[in-house]
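The residues making up each chain are set out below.
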Amino acid sequence: MPSKRGKKSKFKKVLIPVLKWASAIIPVCAFIYILYYYKQFDFLKPKERVKTETKVLASGDSLQAGIGGSEKLAAQIHVINNEWHQVGGLAIHNMVIENTSASPVKSVEVEFKYLNDVQAVVTSKVITIKTPVPAKKSAKVSGLSVGYVNNSVVGCDVKVLSARL
């Protein structure tokens, strides 16, 4: 009659290697499944080609008005009043922008030249002001922060560079 001890040792000889292999394979499979679930294997897929579509605009579109008319439009926009002061090194402006053209303007690009006491330019900054200005009217812009300026700055010249319809 065979002994029970022999069956147990045979069972242990098979079970221990199976558990070792399972304890090595199951975490790897779980890690791969987590990567798959959170879609981290996208780098294996071929990249999609970007499709572009070009449309030709007619000459009556606003593109033509924006290209050639930007300088003409900027010449018809003026900064009437420019008051500024420093708050902790920041230049804060309150200004009035006047539009003398026949079309309304959505944004204006303004150049600020900060001058020292001998009227030399210390720094120059260009800011886009996105305040709409109606045709033949003016708009007030208050609390406009241009950025940090030097403490030696005593004056500011303002020039309108361009405008957008």
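See the structure printed just above.
The rules behind the values
- Residues numbered from 1 in each chain as written.
- Predicted model: local features only at pLDDT ≥ 70, side-chain atom pairs only at ≥ 80, totals over all residues.
- Heavy atoms only, no water.
- Phe/Tyr/Trp six-rings, centres within 6.5 Å; stacked < 30°, edge-to-face > 60°.
- Helix = DSSP H or I, 4+ residues; strand = E, 2+ residues; numbered from the N terminus.
- Core = buried A, V, L, I, M, F, W, Y, C linked by side-chain atoms within 4.5 Å.
- Buried < 20%, exposed > 50% of the residue type's maximum accessible area, 1.4 Å probe, protein only.
- Contact = heavy atoms within 4.5 Å.
- Polar contact = N/O pair within 3.5 Å; in protein donor to acceptor, adjacent residues only side chain to side chain.
- Pairing = 2+ DSSP bridges.
- Axes fitted to C-alpha atoms, helices over the stretch in contact; angles between N-to-C directions.

Draft legend 1. Expanded view of the packing of aromatic side chains. What the rule picks out here adds up to three aromatic pairs. Judged by centre distance (5.6 Å) and plane angle (70°), the ring pair of Trp-84 and Tyr-114 falls under edge-to-face. In this pair, Trp-84 is assigned in strand 1 (residues 77-87) and Tyr-114 in strand 3 (residues 107-115), connecting sequence segments 30 residues apart. Members of the aromatic cluster, each reached through a chain of ring pairs, are Tyr-33, Tyr-37 and Tyr-38.

Draft legend 2. Inspection of the nonpolar core at higher detail. Counting residues in hydrophobic clusters, the biggest one holds 23 residues, and the most contacted among them are Ile-77, Met-95, Ile-97, Phe-112, Tyr-114 and Ile-129. Listed by contribution, the elements that provide at least two residues to this core are helix 2 (62-75), strand 2 (90-99), strand 3, strand 4 (121-129), strand 5 (138-148) and strand 6 (155-164). If we skip the residues at most four places from it in the chain, Met-95 touches Val-79, Asn-81, Asn-82, Phe-112, Ile-129, Ala-139, Lys-140, Val-141, Leu-144 and Val-158.

Draft legend 3. Quick peek at the side chain of Ser-101. Looking at where Ser-101 falls in the secondary structure, it is placed in the loop between strand 2 and strand 3. On the accessibility criterion, Ser-101 (2% relative accessible area) is buried. A polar contact is formed between the side chain of Ser-101 and the side chain of Asn-99, at a distance of 2.6 Å. Once you skip the residues sitting within four places of it in the chain, Ser-101 turns out to touch Leu-73, Gln-76, Ala-135 and Lys-136.

Draft legend 4. Quick peek at the sheet that holds strand 6. Strand order in the open sheet formed by three strands is 4-3-6, with antiparallel pairing between adjacent strands. Two strands close off the open sheet at either side, each with one partner strand: strand 4 and strand 6. On average, adjacent strands in this sheet sit at an angle of 15° to one another, irrespective of strand direction. In terms of strand pairing, strand 3 meets strand 4 through eight bridges, oriented antiparallel. By the bridge assignment, Lys-113 is partnered in strand 4 with Ser-124.

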